[in-house]
Amino acid sequence: QVHLVESGGGLVPPGGSLDLSCQASGNTFSIYDMGWFRQAPGKPREKVATISGGGRKDYAKSMKDRVTISRDNTKMTVSLRMSNLKPEDTAVYYCNAQYGPSPIATKDSWGQGTQVTVSS
């Protein structure tokens, strides 16, 4: 099992920046990709960014120029730096980790989510 805890959400004005962080615990040695997803009210959950254990990054096209994902494999944390935030970025942001015995046999672990609200 892998347990994820997010931190760093809050209220930010349009154009502002925000950092999110996620701490993994448990069987962290079995984690492969980690990432951030978000879900706005009435909308499906969508990917924001993912990062592999080797540091390969993948960003959603809608946020590619405004977010940076990073990962610390020693501390087992994954972070998301968001800038130039817009009201449509308002959502609950979830940390995700894919873990398992091999890269082709993984399960998803999700954090509890952290609210990000972009409003003046």
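Residues numbered from 1 in each chain as written. Predicted model: local features only at pLDDT ≥ 70, side-chain atom pairs only at ≥ 80, totals over all residues. Heavy atoms only, no water.

K.L.:
Even after reading the chapter, I still don't get the overall build of the protein, so can you show me in this structure?
P.N.:
The number of helices and strands found in the protein is zero helices and eleven strands. Ordered by position in the sequence, the α and β elements of the protein form the string β-β-β-β-β-β-β-β-β-β-β. In terms of overall size, the protein behaves like a compact globule, its C-alpha atoms giving a radius of gyration of 14 Å where 120 residues would be expected to give roughly 14 Å. Across its three principal directions, the C-alpha atoms of the protein cover 45 × 25 × 25 Å. A fraction of 55% describes how many contacts in the protein between residues 6 or more apart in sequence connect residues 24 or more apart. Of the roughly 6,400 Å² that the protein leaves accessible, carbon and sulfur atoms contribute 50%. Measuring between centres, the 14 positive side-chain charges of the protein sit 2 Å from its 10 negative side-chain charges. (Helix = DSSP H or I, 4+ residues; strand = E, 2+ residues; numbered from the N terminus. Rg over C-alpha atoms; globule rule 2.2 N^0.38 Å. Contact = heavy atoms within 4.5 Å. Areas by Shrake-Rupley, 256 points an atom, 1.4 Å probe, with all protein chains shown as cover. Lys, Arg positive; Asp, Glu negative; His and termini not counted. Charge placed at Lys NZ, Arg CZ, Asp CG, Glu CD.)

K.L.:
How should unusual backbone geometry be read in this particular structure?
P.N.:
Glycine aside, residues mostly have negative phi, and peptide bonds are mostly found in the trans state. Positive phi values are uncommon outside glycine, yet Met76 reaches one of about 55°. Relative to the assigned elements, Met76 resides in the loop between strand S7 (67-72) and strand S8 (77-82). Phi is positive for Asn84, close to 50°, though the residue is something other than glycine. Topologically, Asn84 is positioned in the loop between S8 and strand S9 (91-102).

K.L.:
What am I meant to see in the sheet that holds S8 here?
P.N.:
Sheets are built from strands that pair by backbone hydrogen bonding, the pairs being arranged parallel or antiparallel. Reading across from one edge, S1-S3-S8-S7 is the order of the four strands in this open sheet, with antiparallel pairing throughout. Each edge of the open sheet is held by one strand with a lone partner, namely strand S1 (2-7) and S7. Adjacent strand axes in the sheet meet at a mean angle of 15°, parallel and antiparallel pairs treated alike. Relative to S8, strand S3 (residues 18-26) is paired through six bridges, and the arrangement is antiparallel. Within S8, the residue paired with Ser21 across the bridge is Ser79. (Pairing = 2+ DSSP bridges. Axes fitted to C-alpha atoms, helices over the stretch in contact; angles between N-to-C directions.)

K.L.:
It is not clear to me how the pattern of salt bridges should be interpreted in this structure. Could you clarify?
P.N.:
Inspection of the entire model under this criterion finds five salt bridges. Across the pair Asp58 and Lys47 runs a salt bridge whose closest N-O atoms are separated by 2.1 Å. With Asp58 in strand S6 (residues 57-59) and Lys47 in strand S5 (residues 46-51), this residue pair connects regions lying eleven residues apart in the sequence. Residue classification places Asp58 among the partly exposed residues on the basis of a relative accessible area of 38%. Linking Asp89 and Arg66 is a salt bridge whose minimum nitrogen-to-oxygen distance equals 2.7 Å. With a gap of 23 residues between them, Asp89 in the loop between S8 and S9 and Arg66 in the loop between S6 and S7 connect regions that are remote in the sequence. Grouping residues by exposure puts Asp89 and Arg66 together as buried. (Salt bridge = Lys/Arg side-chain N within 4 Å of Asp/Glu carboxyl O. Buried < 20%, exposed > 50% of the residue type's maximum accessible area, 1.4 Å probe, protein only.)

K.L.:
Just to check I follow, could you spell out the environment of Ser62 for this structure?
P.N.:
Following the sequence through the fold, Ser62 ends up in the loop between S6 and S7. By relative accessible area, Ser62 is classed as exposed at 51%. Remark: the alpha-carbon pair of Ser62 and Ser25, spanning 37 residues in sequence, is separated by 30 Å.

None of this, on its own, says anything about what the molecule does.
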